[in-house]
Amino acid sequence: MLLSLLLTAHLGLAAMWCGSMGYSLLVVQPKVARFGFDDDRLEEFLTLLAQGNRWKVVPIVAALLATAAGVAALTSGGTRLTFLVILLLYAAAATVFADVSWRHWPARVFALPEERPALRRALRLRAWTMLALVGAAFAAALVTTVWVGRC
């Protein structure tokens, strides 16, 4: 019963984080670029969109780490190994997230106008990296629990 609850929570949270990042990268950001804001207005709008989001993601990341650790502790063999790898993927994504949240955004807020394009490119690279890490972890958890059925 506990394992089923952990797996359900884990998959739901992973879908939430992965889906929100995918939506942001594939839908929101391309549409924002089409508004034709001047650089100062674009930065103001992007900062407004990002404001407070880190505190919505932090508990999701913590819960993903906790549920993956719980599944690893309650299982054995290939499932345990898979969830240990999943833990590493989430830890890597959390590291990138922390860099974006507490290093990149403050630097961007105080950046000179000529520094902004490079910072935007760097953010896109970090965002795609997080999406790849979280997506790989989500896919591994889904395959392990649903298709392989080893849990």
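Shown above is the structure to which this text applies.
In this report, the structure presented in the accompanying data block is examined.

### Notes on the nonpolar core
Next up, step 1: Counting 38 residues, the largest nonpolar core has Trp-17, Leu-64, Phe-83, Ile-86, Tyr-90, Met-130 and Val-134 as its most contacted members.
Next up, step 2: Listing elements by their share of this core, those giving two or more residues are α1 (2-33), α2 (39-50), α3 (54-74), α4 (77-109) and α5 (116-148).
Next up, step 3: Here this core gets 11 residues from one element, more than from any other, and that element is α1.
Next up, step 4: Those residues within four positions of Trp-17 in sequence are excluded, and the remaining contacts are Val-57, Ile-60, Val-61, Leu-64, Tyr-90, Ala-93, Ala-94, Met-130 and Val-134.

### Notes on the environment of Asp-39
Next up, step 1: Its location among the elements puts Asp-39 in helix α2.
Next up, step 2: Residue Asp-39 is classed as partly exposed on the basis of its relative accessible area of 27%.
Next up, step 3: Beyond its immediate sequence surroundings of up to four residues, Asp-39 is in contact with Pro-113, Arg-116 and Arg-120.

### A look at the side chain of Glu-43
Next up, step 1: Tracing the backbone through its elements, the reader meets Glu-43 in helix α2.
Next up, step 2: Here Arg-108 takes part through its side chain, which lies 3.0 Å from a polar atom of the side chain of Glu-43.
Next up, step 3: If sequence neighbours within four positions are ignored, Glu-43 has contacts with Arg-108, Arg-116 and Arg-120.

### Some thoughts on a nonpolar patch on the surface
Next up, step 1: Where nonpolar side chains cluster on the molecular surface, the patch consists of Leu-142, Val-143, Val-146 and Trp-147 and spans about 400 Å² of accessible area.
Next up, step 2: Structurally, Trp-147 can be placed in helix α5.

### So, the packing of aromatic side chains
Next up, step 1: Under the definition given, this model contains six aromatic pairs.
Next up, step 2: Here the aromatic rings of Phe-35 and Phe-45 are separated by 6.5 Å at their centres, their planes lie at 40°, and the arrangement is tilted. Of the two residues, Phe-35 is situated in the loop between α1 and α2 and Phe-45 in helix α2; the sequence distance between them amounts to 10 residues.
Next up, step 3: Between the aromatic rings of Trp-55 and Trp-102, the centroid separation amounts to 5.6 Å while the plane-to-plane angle is 70°, which identifies the pairing as edge-to-face. Residue Trp-55 is found in helix α3, and its partner Trp-102 is found in helix α4; the two are separated by 47 residues along the sequence.
Next up, step 4: Taken together, Phe-35, Phe-37 and Phe-45 form an aromatic cluster joined through their ring pairs.
Next up, step 5: For the cation-ring pair, Arg-54 lies above Trp-102, with the distance from its terminal atom to the ring centre recorded as 5.1 Å.

Procedures and definitions
- Residues numbered from 1 in each chain as written.
- Predicted model: local features only at pLDDT ≥ 70, side-chain atom pairs only at ≥ 80, totals over all residues.
- Heavy atoms only, no water.
- Core = buried A, V, L, I, M, F, W, Y, C linked by side-chain atoms within 4.5 Å.
- Buried < 20%, exposed > 50% of the residue type's maximum accessible area, 1.4 Å probe, protein only.
- Helix = DSSP H or I, 4+ residues; strand = E, 2+ residues; numbered from the N terminus.
- Contact = heavy atoms within 4.5 Å.
- Polar contact = N/O pair within 3.5 Å; in protein donor to acceptor, adjacent residues only side chain to side chain.
- Patch = residues over 30% accessible without salt bridge, like charges linked within 9 Å, V, L, I, M, F, W, Y side chains within 5 Å.
- Areas by Shrake-Rupley, 256 points an atom, 1.4 Å probe, with all protein chains shown as cover.
- Salt bridge = Lys/Arg side-chain N within 4 Å of Asp/Glu carboxyl O.
- Phe/Tyr/Trp six-rings, centres within 6.5 Å; stacked < 30°, edge-to-face > 60°.
- Lys NZ or Arg CZ within 6 Å of the ring centre and 35° of its normal.

So far we have only geometry, and geometry alone does not tell us how the molecule works.
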